[in-house]
Amino acid sequence: MSNQDPNISDPHRPTIRQLDDSAINRIAAGEVVERPASAVKELVENAIDAGANRITIEIADGGKTLIRVTDDGCGMTPEDLPLALSRHATSKIDGSDLLNIHTFGFRGEALPSLGAVGRLTITSRAAGHDAAQIRVAGGKMDPVKPAALRTGTIVELRDLFYATPARLKFMRTDRAESQAISDVIKRLAMAEPSVGFTLRDVSGGGEGRVTFRADPATGDLFDALHGRLASVLGREFAENALRIDATRDGIRLFGYAALPTYSRGAAVAQFLFVNSRPVKDKMLTGALRGAYFDFLSRDRHPAAALFIDCDPTLVDVNVHPAKSEVRFRDPGLARGLIVSALRHALAEAGHRASTTVAGATLGAMRPEEPTATGAARIYQMDRPSMGARSFSYAAQSPEQPQAGSSHAPLPPSAGFAELQGEYSGRVTEVAPGPLSDAPEPAAPGAEHLPLGAARGQVHENYIIAQTEDGMVIVDQHAAHERLVYEKLKHQMAENGVAAQALLIPEIVELGSNDCARILAHAEALKKFGLGIEAFGGNALAVRETPAILGEVNAEAMVKDILDELDDQGESQLVQARLEAILSRVACHGSIRSGRRMRGEEMNALLREMEATPHSGQCNHGRPTYVELKLADIERLFGRS
């Protein structure tokens, strides 16, 4: 242990010193202002807390050289401006209760921290007062002076981190920083639908270009939120999102969650808010994942924008420097509400599948090349007269044999002449004969049902059904696999999971904390056939395992469960393995691709899909059917 370097380089006894305000503010800035997006977040949250109806954000060079936030909020008086730049000075709380917080900000650290590392200018005007301006650069404050401003506040931050140039080396490219700022604004725009947001990039000077705009939404809570989500996340999300609204023990959950078939390859479309505050919380994201557990494979992620509203005293928002994490007084209550509300909404969605599936299908069909003018080719679809139709049919009919020909005359129905009696493109039911493969007639009115009436089968794998306003293509194997899987799950829920007792219990040695943590979930694991109990010290005994899993490495399973508990706060490992077995059983027990189905079988499958929840996607989250509207089909063929 020789030649060790002490942590404090002074060989003599270290002396405790009181840091000056400038150093304190720069240290605080390191916690609060990580990058330009962090500064934008703090300034826009201040504008929202001030009651602004419209907020404009202008940035240059990814926010490194300029961030300007303009709002029409309540503003500040000339006397308030110097106080606003003092540490821990705020108008949002009085300090008596740090749990009863109703605003975004409350610490009073953001403005002095920004003024310590950049060049900050604040211009503001409160009702009944004159406008005033104050500047601070590198922690040095100038006196307040008069300014010209009609209402609200303008906060301008230039040369971020100029006072701490080492921080500039850790900045990413301008494009990456601009994207981070855009993400922050979009999250706040979702949290406040009644507020208008405009983000403008003014790099290079001038008016710049608008990179994001969201006008104030009107209507009730869900109408305003739906409109805002459509503008932020896109129309496709809004079309394929399910409305969520549930309350339990003083906590309300509302928002929109997308169908399983509208899933993403990464968790980039998951937005969670607690009392309108955007948060990134492992417990909440784990609950969202758990709600979709049975509908998505592990490499797919749900899309959702969920809002939790509760009494501020039930949640602590002062547990993270950037206030991006929260701590619930009863985390199990919040988690259970998310899981149950989402699963209820998904069950009510029934067989519904994402509209993006149909859009992708139509997009895969190559349209005809546009005309020289660039416009799509339009075909005139005039109906010919009866005389013209009769002449046309006669011309299209097979020629009758001449006199003396050895060929027998063809029956009138051999050609197109049968169309003379009825001019219709409608598919009619044909009584199946010995050589007919036509499907048997569906029940009267089946076309008016959601999945319509079966009209045929192609490639012995896809069912073609006609609906009232379009057609449906069903993957018979994937659809029936989901139906069988749901039946097996229902049987398992009713009868329980059969457990097999081990002749010799397997003893697993764990750390003291790990042992206590997994034993706290012993009852939940017992429902899935995994029986564990304390064995003394830091060991536990595995006495039973799920029979359907066969031979199991109990120690590896227990440790995998602990890993999930550490990561997500709960474990679905045993359930996942059980349902993977059920999924494989369902796959082998379902209608195979390549099997020719009779008409009544196809129609029975369609009716069962309509009656079974979650039948719109297979066990891996892929769609089981595609619906094409008649208007879209006609557009493919140039009909106007």
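Please read all numbers here as calculations on a predicted model, not as lab measurements.

**A word on the nonpolar core**
Core analysis: the largest hydrophobic core is formed by 61 residues, its most contacted members being Val44, Ile55, Ile57, Leu120, Ile122, Ile185 and Phe197. The leading source of residues in this core is helix 6 (residues 174–191), at 8 residues. For Ile55, the residues in contact, after removing those within four places along its chain, are Val44, Ala47, Ile48, Val69, Thr70, Asp71, Val195, Gly196, Phe197 and Thr198. Residues Ala291, Leu296, Val317 and Leu346 belong to the second largest nonpolar core, which totals 37 residues.

**Concerning the pattern of salt bridges**
One pass over the full model with this rule turns up 25 salt bridges. Where Lys41 meets Glu45, a salt bridge forms, and the shortest distance between an N and an O atom there is 3.1 Å. Residue Lys41 and its partner Glu45 are both found in helix 2 (residues 36–49); the two are separated by 4 residues, about one turn of the helix. For Glu45, a relative accessible area of 2% corresponds to the buried category. Close ionic contact of Lys526 with Glu544 constitutes a salt bridge, the shortest N to O distance being 2.6 Å. Here Lys526, found in helix 15 (residues 522–526), pairs with Glu544, found in strand 22 (residues 539–546); they are 18 residues apart in sequence, far enough to count as distant. For Lys526, a relative accessible area of 44% puts it in the partly exposed group. Take Glu544: its relative accessible area is 21%, and that puts it in the partly exposed class. Via salt bridges that share partners, Glu58, Arg68, Glu156, Arg158 and Arg200 belong to a single interconnected network.

**A word on unusual backbone geometry**
Phi at Ser276 takes a positive value of approximately 70 degrees, unusual for a residue other than glycine. By the element assignment, Ser276 lies in the loop between strand 12 (270–274) and strand 13 (277–279). For Ser276, a relative accessible area of 24% gives the class partly exposed. Backbone geometry at His459 places phi at a positive 55 degrees, although glycine is not the residue there.

**Observations concerning the packing of aromatic side chains**
Scanning all chains against the criterion turns up 5 aromatic pairs. Judged by centre distance (6.3 Å) and plane angle (80 degrees), the rings of Phe222 and Phe254 are edge-to-face. On the criterion of sequence distance, the pair formed by Phe222 in helix 7 (residues 221–233) and Phe254 in strand 11 (residues 251–258) is long-range, its members being 32 residues apart. Here Phe222 matches Phe254 in class, with each residue buried. For the ring pair Phe222 and Tyr256, a centre distance of 6.1 Å and an interplane angle of 80 degrees mean the geometry is edge-to-face. You can see Phe222 sitting in helix 7 and its partner Tyr256 sitting in strand 11, a full 34 residues away along the chain. There is no split in this pair, since Phe222 and Tyr256 are both buried. Of the aromatic side chains, those joined through ring pairs into one cluster are Phe222, Phe254, Tyr256, Phe273 and Phe307.

**A few points about the confidence of the model for the chain**
With 74% of its residues at a pLDDT of at least 70, the chain reaches an overall mean of 79. Counted against residues more than four places away or in other chains, residues 376–383, with its pLDDT under 50, gives 11 contacts. Long-range and interchain partners of residues 404–431, a stretch whose pLDDT sits below 50, account for 30 contacts in this model, where long-range means more than four residues apart.

**A closer look at the sheet that holds strand 23 (residues 625–629)**
With respect to topology, 4 strands assemble into an open sheet ordered 17-18-19-23, the strand pairing being antiparallel. In this open sheet, the two strands that pair with only one neighbour each are strand 17 (453–458) and strand 23. Neighbour-to-neighbour, the strand axes of this sheet turn through a mean angle of 20 degrees, independent of strand direction. Strand direction decides the pairing type here: strand 18 (residues 462–467) and strand 19 (residues 470–475), joined by 6 bridges, are antiparallel.

Rules used throughout
- The written sequence of each chain sets the order in which its residues are numbered from 1.
- A pLDDT threshold of at least 70 governs which residues receive local features in this predicted model, and a stricter bar of 80 or more applies before side-chain atom pairs are shown or counted, although totals over entire chains, interfaces and linings include all residues.
- The basis for every side-chain value is the complete set of non-hydrogen atoms in the structure, without hydrogens or water.
- Remark: nonpolar core denotes a set of buried residues (Ala, Val, Leu, Ile, Met, Phe, Trp, Tyr, Cys) joined through side-chain atoms within 4.5 Å.
- Accessible area is worked out with a 1.4 Å probe on protein chains only. A residue is then buried under 20% of its type maximum, exposed over 50%, and partly exposed in between.
- In this text, helices come from DSSP runs of H or I with a minimum length of four residues, and strands from runs of E with a minimum of two, each type numbered from the N-terminal end.
- Whether two residues are in contact is decided by their heavy atoms, any of which lying within 4.5 Å being enough.
- Salt bridge, as used here: a side-chain nitrogen of Lys or Arg that lies within 4 Å of a carboxyl oxygen of Asp or Glu.
- When the centres of two rings from Phe, Tyr and Trp lie within 6.5 Å, Trp using its six-membered ring, the rings pair. Their planes under 30 degrees apart give stacked, over 60 give edge-to-face, and anything left gives tilted.
- pLDDT is defined as a per-residue confidence score from the predictor, taking values between 0 and 100.
- Here the rule is simple: two strands pair whenever DSSP picks up at least two bridges between them.
- Axes here mean lines fitted to C-alpha atoms, for a helix over just the part in contact, with angles spanning 0 to 180 degrees between N-to-C directions.

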